[in-house]
Amino acid sequence: MHSRPIETVACVGSSTTASKGTYRWITELQSRPRNGRFRFVNLGVGGDLSFNIVRRLPHVIAAQPDRVIILIGTNDILAGVFPNFRRIVRMWKGLADEPTAQGFRDNLSLITQRLRQETGARIALSSLAPVGEDPHSVDPVQSRLNELFAAYNGAIREVSSREGADYIGFYEAFQRILE
């Protein structure tokens, strides 16, 4: 019987990936018996925005991944909605401009293209879990968050399709539970 070689899966993102105070989804994947042929590498960094991932690509590429899961964008959205958070990430993460859905789309395209060219890895882009529990909220802040999560998740779907990456419907699974 031939055993398959161990494949490296680089998990790239922010605190949701780093699992600092959030659900430990990488640990969950590692614990599944059918995933025994994978070695998961957690490359999540708390507070990161999509442009930070672009800057960290050499580190991701150095891991020589066979597969890459990218879960990024929540901090881009939060920095666009909350001025105090935007000020913090300006200083902490070097944010130059206010994040936009188009800037996020451009960063995600660049990330996907570079990973494909420089690693040959199979790439999966994950949609973002919503922030807040009311998808039909009339509260102005929650309503804006809902709009932005829909727009950013649309960008993730679009980039995934255009760049030939797999799409993980994390947002869609949450929506089914919330509705």
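All figures in this text were calculated on a predicted structure; none of them were measured in a lab.

### A short note on helix 4 (residues 74-81)
Here comes step 1: Within helix 4, 7 of the 8 residues are buried, leaving the element largely enclosed by the surrounding structure.
Here comes step 2: For helix 4, every residue scored as buried is listed here: Thr-74, Asn-75, Asp-76, Ile-77, Leu-78, Ala-79 and Val-81.
Here comes step 3: Where helix 4 is buried, its residues meet helix 3 (50-62), helix 5 (83-93), helix 6 (101-119) and helix 7 (140-163).

### Focus: the packing of helix 6 against helix 7
Here comes step 1: Helix 7 packs onto helix 6 with a crossing angle of 30 degrees between their chain directions and a minimal axis gap of 9 Å. Comparing their axes, helix 7 and helix 6 come out roughly parallel. Along this stretch, helix 6 crosses helix 7, giving a crossing that reads as right-handed. Facing Ala-101, Phe-104, Arg-105, Leu-108, Ser-109, Thr-112, Gln-113 and Arg-116 of helix 6, the residues of helix 7 in contact are Tyr-152, Ala-155, Ile-156, Glu-158, Val-159, Arg-162 and Glu-163.

### Regarding helix 3
Here comes step 1: For helix 3, which comprises 13 residues, the first-to-last C-alpha distance of 19 Å matches the rise-based estimate of 18 Å (1.5 Å per residue) to within 8%.
Here comes step 2: The sharpest bend along helix 3 reaches about 55 degrees and sits at Arg-56, with the proline Pro-58 one to four residues further on.
Here comes step 3: Ser-50, Phe-51, Asn-52, Ile-53, Val-54, Arg-56, Leu-57, Val-60 and Ile-61 are the residues of helix 3 that are buried.
Here comes step 4: Considering only its buried residues, helix 3 is in contact with strand 1 (7-13), strand 2 (38-44), helix 4, helix 5 and helix 6.

### So, the pattern of salt bridges
Here comes step 1: Under the criterion given, the structure shown has 13 salt bridges.
Here comes step 2: Note that Arg-157 is salt-bridged to Glu-172, the shortest N-O span being 3.0 Å. Of this pair, Arg-157 sits in helix 7 while Glu-172 sits in helix 8 (residues 170-178), and the two are 15 residues apart along the sequence.
Here comes step 3: The exposure class assigned to Arg-157 is partly exposed, which follows from its relative accessible area of 38%.

### So, the confidence of the model for the chain
Here comes step 1: A residue-level look at the chain finds 97% of positions with pLDDT of 70 or above and a mean pLDDT of 92.
Here comes step 2: When mean pLDDT is compared element by element in the chain, strand 4 (residues 122-126) scores highest at 98, while helix 8 scores lowest at 79.

Parameters and conventions
- Residues numbered from 1 in each chain as written.
- Predicted model: local features only at pLDDT ≥ 70, side-chain atom pairs only at ≥ 80, totals over all residues.
- Heavy atoms only, no water.
- Buried < 20%, exposed > 50% of the residue type's maximum accessible area, 1.4 Å probe, protein only.
- Helix = DSSP H or I, 4+ residues; strand = E, 2+ residues; numbered from the N terminus.
- Contact = heavy atoms within 4.5 Å.
- Axes fitted to C-alpha atoms, helices over the stretch in contact; angles between N-to-C directions.
- Parallel < 35°, antiparallel > 145°, perpendicular 65-115°, else oblique.
- Left-handed = near helix turned anticlockwise from the far one by under 90°.
- Expected span 1.5 Å × (residues − 1).
- Bend = angle between axes of the 7 residues up to and from the residue.
- Salt bridge = Lys/Arg side-chain N within 4 Å of Asp/Glu carboxyl O.
- pLDDT = per-residue confidence, 0-100.

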